[in-house]
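# Inside the fold
Okay, here's what each chain looks like letter by letter:
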Amino acid sequence: EAGVTQSPTHLIKTRGQQATLRCSPISGHTSVYWYQQALGLGLQFLLWYDEGEERNRGNFPPRFSGRQFPNYSSELNVNALELEDSALYLCASSRTGANSPLHFGNGTRLTVT
Amino acid sequence: GESVGLHLPTLSVQEGDNSIINCAYSNSASDYFIWYKQESGKGPQFIIDIRSNMDKRQGQRVTVLLNKTVKHLSLQIAATQPGDSAVYFCAEHSGGSNYKLTFGKGTLLTVNP
């Protein structure tokens, strides 16, 4: 079974630019989650999508947005990049429903210069 | 608000010893807990989970203990191996339909040969 895949693995952007990160969930998983992991910090919840709808959002500004496509893959967009957006962005997927473990991809390392 | 924290940020053990990683949580409504292992350059890997109606669950070489009275979670690794060296995160689901896992800051486990 293929795991969660994320692309690109690394992304370098300049302050003020936009970044688009992509995620393909495990087959059969309908929920996709995005987390930010800044250096030395834990995982901060960004967004949760299920069945194409945004279900929950973490404490991040509106310039962090995303969507989920009919095939359950997902995109995270970060507009007006700031230096502090530099982090590892992790995508996870799970089956719909509570008490289903999240399975993570290996992340996209975003560097803003 | 909800929070998940770890008592020990670092833990160093000898190969073959047993390891115990601790985690405290503050939300008494949390109903589901997961332990993850994150190796350098990779995303978090699911280890074991436990629901709040249980107080112990065993896997291969790992045991998770849940003490709801003091809101404490622990991960025990038997016969620790060098390949167990990683950062370990506990995560809690705070219940309800707005599914979101809250992660602790992590404990770095180092296994000395």
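Here we summarise the structure given alongside this text. Nothing here was measured: the structure is a model prediction, and the numbers come from that model.

With that settled, consider the overall build of chain B. Within chain B, the secondary structure is distributed over zero helices and eleven strands. Helices (α) and strands (β) of chain B occur, in sequence order from the N terminus, as β-β-β-β-β-β-β-β-β-β-β. For chain B, with 113 residues in total, the buried portion stands at 45%. Across chain B, the fraction of contacts at a sequence separation of at least 24, relative to all contacts at a separation of at least 6, is 54%. Approximately 5,400 Å² of chain B is accessible, and the part contributed by carbon and sulfur atoms is 46%.

It is characteristic of soluble globular proteins that their nonpolar side chains tend to be buried jointly. Membership of the largest hydrophobic core comes to 22 residues, with the highest contact counts inside it found for Leu21(A), Trp34(A), Leu46(A), Leu76(A), Tyr89(A) and Leu110(A). Mapped onto this core, the elements with two or more residues apiece are strand E3 (19–24), strand E4 (31–37), strand E5 (43–50), strand E8 (74–78), strand E9 (87–94) and strand E11 (108–112) of chain A. If near-sequence neighbours (up to four positions away) are discounted, Leu110(A) is found in contact with Leu11(A), Lys13(A), Ala19(A), Leu81(A), Asp85(A), Ser86(A), Ala87(A) and Tyr89(A). Counting 20 residues, the second-largest nonpolar core is a separate cluster that includes Val13(B), Tyr25(B), Trp35(B) and Leu109(B).

This paragraph deals with the pairing of E5(A). All names here are of chain A. For E5, the buried fraction is high: seven of the eight residues fall into the buried class. Here E4 pairs with E5 via seven bridges, running antiparallel. Within the sheet, the bridge partner assigned to Val32 lies in E5 and is Tyr49. Pairing of E5 with strand E6 (residues 53–57) involves four bridges; the strand directions are antiparallel. Its bridge partner lying in E6, Leu47 is registered against Arg57. Hairpin connection, E5 to E6: the antiparallel pair is bridged by two residues, and Glu51 has positive phi, about 50 degrees.

Residue and element names in this part refer to chain A. One open sheet holds the four strands; their spatial order is E1-E3-E8-E7, and the pairing between them is antiparallel. Because the sheet does not close on itself, it has two edges, and the strands there are strand E1 (5–7) and strand E7 (64–68). Neighbour-to-neighbour, the strand axes of this sheet turn through a mean angle of 20 degrees, independent of strand direction.

On to unusual backbone geometry. Pro8(A) follows Ser7(A) through a cis peptide bond whose omega is -10 degrees. Structurally, Pro8(A) is set in the loop between E1 and strand E2 (10–13). Look at Arg61(B): it is not a glycine, yet its phi comes out positive at around 65 degrees. Mapped onto the elements, Arg61(B) comes out in the loop between strand E6 (56–58) and strand E7 (62–67).

A few words now on the pairing of strand E5 (residues 45–51) of chain B. All names here are of chain B. Where strand E4 (residues 32–38) lies against E5, six bridges are found, and the strand directions are antiparallel. By the bridge assignment, Trp35 is partnered in E5 with Ile48. The turn joining E4 and E5, which pair antiparallel and follow one another in sequence, is formed by six residues; a positive phi near 80 degrees is taken by Gly41.

Next up on the list: the state of the cysteines. Tallied over the full model, the rule gives two disulfides over all chains. The disulfide partner of Cys23(A) is Cys91(A), and the S-S distance across this bridge is 1.8 Å. Residues Cys23(A) and Cys91(A) share a disulfide whose torsion about the S-S bond is about -65 degrees; that sign makes it left-handed. Taken as a pair, Cys23(A) in strand E3 and Cys91(A) in strand E9 lie far apart in primary sequence, 68 residues in all. Exposure class is identical for Cys23(A) and Cys91(A). Each is buried. The disulfide partner of Cys23(B) is Cys90(B), and the S-S distance across this bridge is 1.8 Å. Taking the torsion about the S-S bond as the criterion, the Cys23(B) to Cys90(B) disulfide, at about 55 degrees, is right-handed. On the criterion of sequence distance, the pair formed by Cys23(B) in strand E3 (residues 19–25) and Cys90(B) in strand E9 (residues 86–93) is long-range, its members being 67 residues apart.

Scoring rules and cut-offs
- Residues numbered from 1 in each chain as written.
- Chains lettered and ligands numbered in written order.
- Predicted model: local features only at pLDDT ≥ 70, side-chain atom pairs only at ≥ 80, totals over all residues.
- Heavy atoms only, no water.
- Helix = DSSP H or I, 4+ residues; strand = E, 2+ residues; numbered from the N terminus.
- Buried < 20%, exposed > 50% of the residue type's maximum accessible area, 1.4 Å probe, protein only.
- Contact = heavy atoms within 4.5 Å.
- Areas by Shrake-Rupley, 256 points an atom, 1.4 Å probe, with all protein chains shown as cover.
- Core = buried A, V, L, I, M, F, W, Y, C linked by side-chain atoms within 4.5 Å.
- Pairing = 2+ DSSP bridges.
- Axes fitted to C-alpha atoms, helices over the stretch in contact; angles between N-to-C directions.
- Disulfide = S-S within 2.5 Å.

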